[in-house]
Amino acid sequence: MPMKLETATFASSPRSRTALVSLAEFLRHPAAVGSAFPATDKMVSHVLAPVDWSKVDTFVEYGPGTGEFTRGVLRRLKADASLVAIETGEDFVELLRSTICDSRLKVVHGSAQDVEGILRRIDAGRSDCILSGLPISTLEPHDAEDIIGSSRGVLNPGGLFVAYQMRRVIESYLHRHFEKVETGFEWWNIPPCHIYWASTPYGGDVETWQTEP
């Protein structure tokens, strides 16, 4: 009986639940989940530091997972701005919706490849910043190209695409779609990550995108 009580208490803990969901999703879809460990506060601060929050009305996040970056974004986001978190893992979606209560947050069960369709369906318009934790190195090349290309297409001309990766595979994709790509590295995380800030997307017609049915 004591053993059962201890197990129930552990399972009911929010931190324990988050850890269990993260591990389960990583084991179920290792190619789609970058890490079984949540990002550190130092990692979140490093990645988000260059964002000019005064200019962000719509923020998009790919692969929010357990929501470490999601919470970090919400702490910095303007009161009248919105965060669209796009996640393929059903357990992650349920976890985010049940643990983060913020009217600015919209958690969408879907794929980053459909970011334009998702933004249209929720009437969000173009994005001012996109954050991606998707492991580009594990994706098929055409899927990775679709994601970066679609992201470029929905960013405002002054928008920023931000990514954190274990490997540097994403670099060639970013240079094909953005004029300016800055890099960084964060050791204080499991695993340590390469960080990318890409801006000035090539091409794109804002008025056409906004007025299409």
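Our structure is the block above this text.
Residues numbered from 1 in each chain as written. Predicted model: local features only at pLDDT ≥ 70, side-chain atom pairs only at ≥ 80, totals over all residues. Heavy atoms only, no water.

### Thoughts on unusual backbone geometry
Cis geometry is adopted by the peptide bond preceding Pro191, which originates at Ile190 and carries an omega value of -5 degrees. Mapping Pro191 onto the fold places it in the loop between strand E6 (178-186) and strand E7 (193-201). In this model, Thr200 sits at a positive phi of 55 degrees, which is unusual for a non-glycine residue. Following the sequence through the fold, Thr200 ends up in strand E7. Here Thr200 falls in the partly exposed class, since its relative accessible area comes to 33%. (Helix = DSSP H or I, 4+ residues; strand = E, 2+ residues; numbered from the N terminus. Buried < 20%, exposed > 50% of the residue type's maximum accessible area, 1.4 Å probe, protein only.)

### Describing the packing of helix H3 (residues 41-48) against helix H4 (residues 68-76)
Contact geometry for H3 and H4: axes closest at 10 Å, N-to-C directions at 55 degrees. For the element pair H3 / H4, the angle class is oblique. Relative to H4, the crossing made by H3 is right-handed. Facing H3, whose interface residues are Met43, Val44, Ser45, Val47 and Leu48, H4 presents Glu68, Phe69, Gly72, Val73 and Arg76. Here the residues of the contact of H3 with H4 sort into six nonpolar, two polar and two charged. (Axes fitted to C-alpha atoms, helices over the stretch in contact; angles between N-to-C directions. Parallel < 35°, antiparallel > 145°, perpendicular 65-115°, else oblique. Left-handed = near helix turned anticlockwise from the far one by under 90°. Contact = heavy atoms within 4.5 Å. Nonpolar A, V, L, I, M, F, W, Y, C, P; charged D, E, K, R; others polar.)

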